[in-house]
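Examining the three-dimensional arrangement
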Amino acid sequence: MSETRDTVILGSGCAGLTAAIYTGRAGLNPLVLEGHEPGGQLSITTLVENFPGWPEGIQGPELIDNMKKQAAKFGATFQLAHLNSVDLSKHPYTLQTSAGEICTRTLIVASGASARWLGLPSEQALIGHGVSSCATCDGFFFRGREIAVVGGGDSAMEEALFLTRFASKVTLLHRRDAFRASKIMLERAIAHPNIELRTNTVVEEVLGVAEQEVRGLRLRDVTNGNVTTLPVSGLFLGIGHEPNAKMFHGQMDLDADGYIRTKDNVLTTHNGVVVPGVYACGDVQDRRYRQAITAAGSGCMAALEAEKFLEEHGH
Ligand code: NAP
């Protein structure tokens, strides 16, 4: 077994990289396990207009790249690996990762949240063949085509607006008639000539499984049960995210939707008792704000707590 590390950080999004900058500057030589989606959600977004310090906005991937460089400058190292399992009852903690066993005194969980899917078999069969949850990654392939976006929150509005750069028409489908999206985003979508909003509408099936490409959607109007077909070449999901905390089930307190419950912002607990040296930050523990800046803030808090824990335990 290799030496015991001071700090391992799970996840390389905004929260994890901020924790890496702080623990790096504290001389803890943090190891960042980059996870399934290196860079997290910012790495698949476009212009970030609300991160303080960038009056003209900054592209999400560039912001993440800057944070990574900043963390590396202070001694953080990065590994393209993810956590398979860990036993949180024995300190220091031994992590079983896709890159082997790693032992650490503190663990900062910044594993974020991943895109949610509708769960239809036809949708799953056509992922990568016209079904996508990432407009910035896949929008380019739909130049001049008609597509649909599902969702009623800011993500759906942002995707729909972004996709108008490529698609000839975007139909935004929402299951209710009230929107969660912020007023400004909703108004931009409503005002756009190439976006049509259809409310009270659910997707029943994605058509084109046999052809291995999206040919259309079977839709149902929930107010009257009417079923219609919408011919589109692409379907984008903008229906929110699920926390990546399943590996801690039974070892950490999670809420009903699987988010890590935290005490004093970032301390993790098991049956209400603090798990020593294990902190959670960013979207994996934040179902309320879910912003880049709040993720960064909680990453900083987790790092400061880890540093304090190590100091108190003589390291
Ligand atoms: P969200 O606000 O939770 O919205 C998810 C939307 O998807 C809701 O309208 C929901 O419908 C719908 N939905 C969920 N499950 C569904 C299903 N199985 N079938 C059909 N529809 C479903 O998530 P989000 O839009 O990803 O936003 C998350 C947070 O990030 C928010 O705080 C948001 O402000 C922020 N954000 C900000 C920006 C920006 O400012 N540029 C961009 C993206 C995200 P119901 O309404 O019926 O539940």
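These numbers come from a predicted model, not from an experiment.

If you trace the backbone, V284 turns up in the loop between β21 (273-280) and α7 (292-312). When the C-alpha atoms of V284 and E242 are compared, they prove to be 8.2 Å apart, with 42 residues separating the residues in sequence.

With that settled, the discussion passes to the side chain of H241. Assignment of secondary structure puts H241 in strand β18 (residues 241-243). For H241, the side chain forms a polar contact with the side chain of Q41, separated by 3.4 Å. The contact partners of H241, leaving out residues within four places of it in the chain, are Q41, A113, S114, A115, R116, S155 and Y259.

A cluster of like positive charges, contributed by R175, R176, R180 and R290, occupies part of the molecular surface. Mapped onto the elements, R175 comes out in the loop between β12 (169-173) and α6 (183-191).

Where helix α1 (residues 14-25) contacts α7, the two axes come as close as 7 Å, and the packing angle between them is 40°. Along this stretch, α1 crosses α7, giving a crossing that reads as right-handed. Residues C14, A15, T18, A19, Y22 and T23 of α1 form the contact with α7, whose own contacting residues are A292, A295, A296, G299, C300, A303 and L304.

Attention shifts here to the pattern of salt bridges. Per the counting criterion, the structure on display carries 14 salt bridges. Among the ionic pairs, E34 bridges to K68, the shortest N-O distance being 3.3 Å. Of this pair, E34 sits in the loop between β2 (31-33) and β3 (47-48) while K68 sits in helix α2 (residues 60-73), and the two are 34 residues apart along the sequence. Between K169 and E196 there is a salt bridge, and its shortest N-O distance comes to 2.7 Å. Highlighted residues: K169 in strand β12 and E196 in strand β13 (residues 195-198), separated in sequence by 27 residues.

Turning our eyes to something else, we now look at the nonpolar core. Soluble, globular proteins show a tendency: their nonpolar side chains are buried together. The biggest cluster of nonpolar side chains holds 32 residues, and the ones touching the most others in it are C14, L42, F51, M67, I108, Y279 and C281. Elements that contribute at least two residues to this core include exactly α1, α2 and α7. Here this core takes eight residues from α7, the largest share from any one element. Apart from the residues lying within four places of it in its own chain, the contact partners of F51 are C14, L63, M67, A292 and I293. In terms of nonpolar packing, the next biggest core, distinct from the first, is built from 21 residues, L10, M252, I260 and V284 among them.

So, on to the sheet that holds strand β15 (residues 216-221). Ordered in space as β14-β15-β16, the three strands form an open sheet in which the pairing is antiparallel. For this open sheet the edge positions go to β14 (201-207) and β16 (227-230), each flanked by a neighbour on one side alone. The mean angle between the axes of side-by-side strands here comes to 30°, regardless of whether they run parallel or antiparallel. Pairing geometry for β14 and β15, over six bridges, is antiparallel. From the neighbouring strand, T201 faces β15, where its bridge partner is D221.

Right, let's get into the domain arrangement of the chain. Domain annotation for the chain reports domain 1 (4-114 + 241-312) and domain 2 (117-237). For domain 1 versus domain 2, the distance between C-alpha centres works out to 32 Å. Taken together, the contacts link five residues of domain 1 with seven residues of domain 2. Both sides of the domain 1 and domain 2 interface together cover about 410 Å² of buried area, and 52% of this is carbon and sulfur. At the junction of domain 1 and domain 2, the tally comes to zero salt bridges. The tally of links from domain 1 across to domain 2 stands at zero residue pairs in polar contact (both at pLDDT 80 or more).

Scanning the entire structure with this criterion turns up four aromatic pairs. Of the aromatic side chains, those joined through ring pairs into one cluster are F140, F141, F162 and F166. Directly above the ring of F74 sits R25, whose terminal nitrogen or CZ lies 5.5 Å from the centroid. Over the face of the ring belonging to F78 we find K68, whose NZ or CZ atom lies 4.9 Å from the ring centre.

What counts, and at which threshold
Residues numbered from 1 in each chain as written. Predicted model: local features only at pLDDT ≥ 70, side-chain atom pairs only at ≥ 80, totals over all residues. Heavy atoms only, no water. Helix = DSSP H or I, 4+ residues; strand = E, 2+ residues; numbered from the N terminus. Polar contact = N/O pair within 3.5 Å; in protein donor to acceptor, adjacent residues only side chain to side chain. Contact = heavy atoms within 4.5 Å. Patch = residues over 30% accessible without salt bridge, like charges linked within 9 Å, V, L, I, M, F, W, Y side chains within 5 Å. Areas by Shrake-Rupley, 256 points an atom, 1.4 Å probe, with all protein chains shown as cover. Salt bridge = Lys/Arg side-chain N within 4 Å of Asp/Glu carboxyl O. Lys, Arg positive; Asp, Glu negative; His and termini not counted. Charge placed at Lys NZ, Arg CZ, Asp CG, Glu CD. Axes fitted to C-alpha atoms, helices over the stretch in contact; angles between N-to-C directions. Left-handed = near helix turned anticlockwise from the far one by under 90°. Core = buried A, V, L, I, M, F, W, Y, C linked by side-chain atoms within 4.5 Å. Buried < 20%, exposed > 50% of the residue type's maximum accessible area, 1.4 Å probe, protein only. Pairing = 2+ DSSP bridges. Domains from an automatic or database assignment. Buried area = accessible area lost by both parts, 1.4 Å probe. Phe/Tyr/Trp six-rings, centres within 6.5 Å; stacked < 30°, edge-to-face > 60°. Lys NZ or Arg CZ within 6 Å of the ring centre and 35° of its normal.

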